[in-house]
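Coordinate analysis (summary)
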Amino acid sequence: AGWIELDLGKDRSIAKVELNFPGGAIWPMFKINIFGTGQKPEAARSWAQEISGPWMVANRGFDGWISYYGPLAQARYIMLEIPEGTPAATLAEWRVFGIE
């Protein structure tokens, strides 16, 4: 179990998050949570989730990047919450898209 957190520097709009998993090894399940400036990680709210990473890689075409969409939201921090017992995977890069 664990988490990875990305600090955007200030509250920004978030519409899409892209994750790069080189080699096709992706965690089977994880959540993308968000929270704002002045909030603690415990206050994070769910924004998107992966429920079957290997199925997605096998059936949707995979070039190393996976896109996740959630409701347009304001947040400073994006947290990937990875469940206990999850097999290892390499996350090489993040891209975050929003509206300015």
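An account of the accompanying structure is given in this report. None of these values were measured; they are calculated from a predicted model. (Residues numbered from 1 in each chain as written. Predicted model: local features only at pLDDT ≥ 70, side-chain atom pairs only at ≥ 80, totals over all residues. Heavy atoms only, no water.)

1. Some details on the packing of aromatic side chains
Tallying each qualifying case throughout the model produces 5 aromatic pairs. Summarising the aromatic geometry, the rings of F21 and F30 are spaced 6.4 Å apart at their centres and angled 45° between planes, so their arrangement reads as tilted. Of the two residues, F21 and F30, neither departs from the other in class, the shared state being buried. Relative to Y68, the ring of F30 has its centre 5.6 Å away and its plane inclined at 75°; by these criteria the two rings are edge-to-face. With F30 in strand 2 (residues 30-35) and Y68 in strand 4 (residues 65-82), this pair connects stretches of sequence that are 38 residues apart. Each member of the pair, F30 as well as Y68, carries the same accessibility label: buried. Through successive ring pairs, a cluster of aromatic residues spans F21, W27, F30 and Y68. The cationic tip of K16 hangs over the ring face of F97; the distance from NZ or CZ to the ring centre is 4.6 Å. The residue whose ring lies beneath R95 is W65, and the NZ or CZ to ring-centre distance is 3.7 Å. (Phe/Tyr/Trp six-rings, centres within 6.5 Å; stacked < 30°, edge-to-face > 60°. Buried < 20%, exposed > 50% of the residue type's maximum accessible area, 1.4 Å probe, protein only. Helix = DSSP H or I, 4+ residues; strand = E, 2+ residues; numbered from the N terminus. Lys NZ or Arg CZ within 6 Å of the ring centre and 35° of its normal.)

2. Observations regarding the sheet that holds strand 1 (residues 2-20)
Overall, antiparallel pairing links the 5 strands, which are arranged 3-2-4-1-5 in an open sheet. Of all strands in the sheet, those bounded by a partner on one side alone are strand 3 (45-50) and strand 5 (93-97). The sheet shows a mean angle of 30° between the axes of neighbouring strands, taken without regard to direction. Bridging between strand 2 and strand 3 involves 5 bridges; their strand directions are antiparallel. Its bridge partner being in strand 3, I34 is matched across the sheet by R45. (Pairing = 2+ DSSP bridges. Axes fitted to C-alpha atoms, helices over the stretch in contact; angles between N-to-C directions.)

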